Amino acid sequence: MPEDKNDQIFESCTEILAQIINDTSVPRNIRKAAENSTNILAKDEEPTIKASTVISILDDISNDPNIPIHARILVWNILSELESVKD
C-alpha cells in the first residue's frame, strides 16, 4: 500500500519539476538539476533512496541566490512532499 502513495508523490513531484524545467526564466543550472531529479525519480530504486537523493539535489538549488522566488517555492513544495516518502 505505501508504494502507491510513494508513486503518487513521485508523480506529483515530477509534474512540478517539469514546470521548472520548461520555465526559461529559471537559470539553466537550476533547470538541469530539476532534470536530473526527474531522471532519478523515474529510476527503479528504493523509494527512500530516490527521495533522499533528490532532496539533496534540490536542497542545494533552493539555496542558490539566482533561483527566482516562484521556482524556489516550487522546490520547497517538492521537498516537503518527498520528506513524506516511506519504505
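These numbers come from a predicted model, not from an experiment.

## Remarks on a nonpolar patch on the surface
Then, in step 1: Together, I69, I73 and W76 give the surface a local cluster of nonpolar side chains, amounting to about 310 Å² of exposed area.
Then, in step 2: Relative to the helices and strands, I73 resides in helix α4 (residues 69-82).

## Description of the side chain of D23
Then, in step 1: Following the sequence through the fold, D23 ends up in the loop between α1 (2-21) and α2 (28-42).
Then, in step 2: With no salt bridge to any partner, buried D23 finds its closest opposite charge in R31, at an N-O distance of 6.7 Å.

## Observations regarding the packing of α2 against helix α3 (residues 47-62)
Then, in step 1: One can describe the packing of α2 onto α3 by two numbers: an axis separation of 9 Å at closest approach and a directional angle of 175°. The angle between the axes of α2 and α3 places the two elements in the roughly antiparallel class. In contact with I30, A33, S37, I40 and L41 of α2, α3 contributes K50, T53, V54, I57, L58 and I61.
Then, in step 2: Tallied by class, the residues present in the contact of α2 with α3 amount to eight nonpolar, two polar and one charged.

## Structural notes on the nonpolar core
Then, in step 1: Within the largest apolar cluster, 24 residues are counted, with the highest numbers of intra-cluster contacts made by I20, L41, L58, V75, I78 and L82.
Then, in step 2: Every element with two or more residues in this core is listed here: α1, α2, α3 and α4.
Then, in step 3: Residue contacts for I20: discarding those within four places in its chain leaves V26, I30, R31, A34, A71, L74, V75 and I78.

## Section: the environment of Q19
Then, in step 1: Secondary-structure assignment places Q19 in helix α1.
Then, in step 2: Distance from Q19 to A34, taken between C-alpha atoms, is 9.4 Å for residues 15 residues apart in sequence.

## Focus on the environment of A34
Then, in step 1: Relative to the helices and strands, A34 is located in helix α2.
Then, in step 2: Residue A34 is classed as buried on the basis of its relative accessible area, which comes to 0%.
Then, in step 3: Separated by 13 residues in the primary sequence, A34 and P47 have C-alpha atoms spaced 18 Å apart.
Then, in step 4: Not counting residues within four places of it along the chain, the set of residues in contact with A34 comprises L17, I20 and I21.

The rules behind each value
- In this numbering scheme, every chain counts its residues from 1 along its sequence in written order.
- Only residues with pLDDT of 70 or above have their local features reported here, since the model is predicted, and side-chain atom pairs are shown and tallied only from 80 upward, although totals for entire chains, interfaces and linings are computed over all residues.
- Where side-chain values are given, they derive from all heavy atoms of the structure, hydrogens and water being excluded.
- Only residues above 30% relative accessible area that lack a salt bridge enter a patch, with like-charged residues linked at up to 9 Å and the nonpolar side chains Val, Leu, Ile, Met, Phe, Trp and Tyr linked at up to 5 Å.
- Areas reported as accessible are Shrake-Rupley estimates using a 1.4 Å probe. Residue values count occlusion only from the protein chains shown.
- Salt bridges are identified by distance alone: a Lys or Arg side-chain nitrogen within 4 Å of an Asp or Glu carboxyl oxygen.
- What counts as a helix is a DSSP run of H or I of at least four residues, what counts as a strand is a run of E of at least two, and both are numbered from the N terminus.
- Exposure categories follow from relative accessible area, calculated using a 1.4 Å probe and restricted to protein chains: below 20% of the type maximum is buried, above 50% is exposed, and the middle band is partly exposed.
- His is not counted, nor are the chain ends; Lys and Arg add positive charge and Asp and Glu add negative charge.
- Interaxial angle, 0 to 180 degrees, is taken between N-to-C directions of lines fitted to C-alpha atoms, where a helix line uses only the stretch in contact.
- Any angle that falls under 35 degrees is termed roughly parallel, while one over 145 is termed roughly antiparallel, one within 65 to 115 roughly perpendicular, and all others oblique.
- In what follows, residue pairs with any heavy atoms lying within 4.5 Å of each other are defined as contacts.
- Each residue gets one label: Ala, Val, Leu, Ile, Met, Phe, Trp, Tyr, Cys and Pro are nonpolar, Asp, Glu, Lys and Arg are charged, and the others, such as Gly, are polar.
- Here, the term nonpolar core denotes a set of buried Ala, Val, Leu, Ile, Met, Phe, Trp, Tyr and Cys residues that are joined through side-chain atoms within 4.5 Å.

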